[in-house]
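Structure at a glance
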Amino acid sequence: MTSFPLFRSNRLAVAAGFASFAILSVAGCAKPAAKSMSRDYLVYFGTNVSGEQENSIFLYRLTTANGLLTPVSAHRGGASPTYLTMPAGRRFLYAVSETQTFQGAKGGGVSAFAVDQRTGGLTLLNQQPSTGASPCYISLDRAEKAALVANYVGGNVAMLPLAPNGQLAAPSATDQHQGSGPHKNQTAAHAHCILPDPANTFAFAVDLGTDQVVGYRLGAAKGELTRLPEPAFVAKPGAGPRHLVFHPNGRQAYLINELNSTLTALAYDASAGKFKELQTVSTLPKGFTGENSCADVHVSPDGLFLYASNRGHNSIAAFAIDTNNGTLAPIQHMSTQGKTPRNFALTPSGRLLLVANQNSNNVVTFRVDGQNGLLAPTGQTIEVPSPMFVQIVEDFTR
């Protein structure tokens, strides 16, 4: 494996050894700088690496003018902190531990961190089991009362209430999925995503193993997650649905299917908590015959474009969204300049897109054309060991 020396700068001195779940180090306690007029961002990278940088969450600063990523600090993030989420107030950060054993028991875990408002650094608050092996997704209900976790190997989902001080309570609700599918990767249920709907009335768990989107009545304030009698959506056999994302208008959603490299546009019935297929399109260019599996999907903040990642073709597929009916039209396939783009993210402005290439250990920055949605490389690339997740927030430290 490639060695990634811990970064250093004139402002940071990263210790040779990690203290358990503590901030590595931030030199000095200088007063916060004056608020910058430019809209720069902080970026947290979840990873899954071994060796000197095992279990690290890396923090960078993103300069919007040129897409440059500058290292800030590195932090112990719990075992295999692959997927992250941060509340709107940016005072806390939550990370899954994508493991099959956690604190001596079978299953994975979830960690809560306090976020230093002057540095962006992380301090562990507490940890809880995820109630299933290999948790691979975490989100918060829209009132930020609870965390929702999908356990891939466990094939189940869990709700963990959040205390006002940011700590995680023990899981208050869990649900075990059952079933399988025709693909070789569908021998059992594999929950791959769970998130609330725009109204915070329902939550939806995407199950790759059973080709279903499972719906729940969401009662986060009471710690309740109640499964609906029927699936919210059933994908084509062998499709392997992985992630779901809502359009900003709340009337449509998009489902990326890992195993058959497709995207499904969905109409959303907010009163019943169900979806109806509008269209299914390939994420691959015509003529491509190699192996591929899809991973991540995001809608631009203005709702005009959609982006999806291809692992194998190693590209971001870009689509224009019809604002009348939510259907998709392909406009571009952009190389990610790396291998296995597991995750990517758009800045809140929608003008930059960062791709985490898991198997080439790099993150690449692209400019987004606001008029036509096309991507163009900024020329900025950084090395990050096994990057698995990209969390972008506006820089609150300046």
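Residues numbered from 1 in each chain as written. Predicted model: local features only at pLDDT ≥ 70, side-chain atom pairs only at ≥ 80, totals over all residues. Heavy atoms only, no water.

Moving on: the overall build of the protein. Summing up its helical and strand segments, the protein has zero helices and 31 strands in all. Out of the 398 residues in the protein, the part that is buried amounts to 57%. Counting only contacts in the protein whose residues sit at least 6 apart along the sequence, the fraction spanning at least 24 positions is 51%. About 15,700 Å² of surface is accessible on the protein, with carbon and sulfur atoms providing 50% of the total. (Helix = DSSP H or I, 4+ residues; strand = E, 2+ residues; numbered from the N terminus. Buried < 20%, exposed > 50% of the residue type's maximum accessible area, 1.4 Å probe, protein only. Contact = heavy atoms within 4.5 Å. Areas by Shrake-Rupley, 256 points an atom, 1.4 Å probe, with all protein chains shown as cover.)

For the rest of this paragraph, the subject is the nonpolar core. Core analysis: the biggest nonpolar cluster contains 63 residues, and Tyr 44, Leu 93, Phe 204, Leu 225, Leu 244 and Phe 275 have the highest contact counts within it. Not counting chain neighbours up to four residues away, the residues in contact with Leu 244 comprise Cys 193, Leu 195, Phe 204, Val 206, Ala 253, Tyr 254, Leu 255, Leu 266 and Phe 275. In terms of nonpolar packing, the next biggest core, distinct from the first, is built from 17 residues, Phe 45, Ala 356, Val 363 and Val 390 among them. (Core = buried A, V, L, I, M, F, W, Y, C linked by side-chain atoms within 4.5 Å.)

Burial of strand β12 (residues 156-161) is extensive: six of the six residues sit out of reach of the surface. With burial as the criterion, each face of β12 is covered, one bearing Asn 156, Ala 158 and Leu 160 and the other bearing Val 157, Met 159 and Pro 161. Pairing between strand β11 (residues 146-151) and β12: six bridges, direction antiparallel. The residue of β12 that forms the bridge with Val 149 is Ala 158. Counted along the chain from β11 to the antiparallel partner β12, the turn is four residues long, and its residue Gly 155 has a positive phi close to 65 degrees. With four bridges connecting them, β12 and strand β13 (residues 173-176) associate as antiparallel partners. For Ala 158, the partnering residue across the bridge sits in β13 and is Thr 174. (Pairing = 2+ DSSP bridges.)

Let's shift gears to the pairing of strand β8 (residues 109-115). Among the seven residues in β8, six count as buried, and that is most of the element. In terms of strand pairing, strand β5 (residues 92-97) meets β8 through six bridges, oriented antiparallel. Across the sheet, residue Ala 95 finds its bridge partner in β8, namely Ser 111. Pairing geometry for β8 and strand β9 (residues 122-129), over seven bridges, is antiparallel. Each bridged residue has a counterpart across the sheet, and for Ala 114 the counterpart in β9 is Thr 123.

With antiparallel pairing, four strands are arranged side by side in an open sheet as β27-β28-β29-β30. Across the chains shown, the open sheet's two edge strands, defined by having one partner strand only, are β27 (341-346) and β30 (375-383). Pairwise comparison of adjacent strand axes, ignoring direction, gives a mean angle of 20 degrees for this sheet. One ladder, built from six bridges, connects strand β29 (residues 362-368) with β30; its direction is antiparallel. Paired with Phe 366 across the bridge in β30 is Pro 377. (Axes fitted to C-alpha atoms, helices over the stretch in contact; angles between N-to-C directions.)

Looking at the element boundaries, Thr 262 is found in strand β21 (residues 262-269). The buried category is assigned to Thr 262, whose relative accessible area is 11%. One polar contact links Thr 262 to Asn 260, side chain to side chain, over a distance of 2.7 Å. When residues no more than four places from it in sequence are discounted, the contact partners of Thr 262 are Leu 255, Ile 256, Asn 257, Thr 280, Val 281, Ser 282, Thr 283 and Cys 294. (Polar contact = N/O pair within 3.5 Å; in protein donor to acceptor, adjacent residues only side chain to side chain.)

Turning next to the sheet that holds β12. Spatially, four strands are ordered β10-β11-β12-β13 in an open sheet, and the strand pairing comes out antiparallel. The open sheet has two edge strands, β10 (135-140) and β13, and neither has a second partner. Neighbour-to-neighbour, the strand axes of the sheet open up by a mean angle of 15 degrees, direction not taken into account.

Structurally, the position occupied by Asn 343 is in strand β27. A distance of 2.9 Å separates the side chain of Asn 343 from the backbone nitrogen of Val 390, its partner in a polar contact. Setting aside chain neighbours within four positions, we find Asn 343 in contact with Tyr 83, Asp 296, Leu 354, Val 355, Ala 356, Met 388, Phe 389 and Val 390.

Inspection of the entire model under this criterion finds nine salt bridges. Across the pair Asp 175 and Arg 227 runs a salt bridge, and its minimum N-O distance is 2.7 Å. Residue Asp 175 is found in strand β13, and its partner Arg 227 is found in strand β17 (residues 224-227); the two are separated by 52 residues along the sequence. On the basis of relative accessible area, Asp 175 is assigned to the buried category, the value being 17%. With a closest N to O distance of 3.4 Å, Arg 311 and Glu 258 form a salt bridge. Highlighted residues: Arg 311 in strand β24 (residues 305-311) and Glu 258 in the loop between β20 (252-257) and β21, separated in sequence by 53 residues. Classification of Arg 311 by relative accessible area gives buried; the value is 12%. When its relative accessible area of 11% is taken as the criterion, Glu 258 is described as buried. (Salt bridge = Lys/Arg side-chain N within 4 Å of Asp/Glu carboxyl O.)

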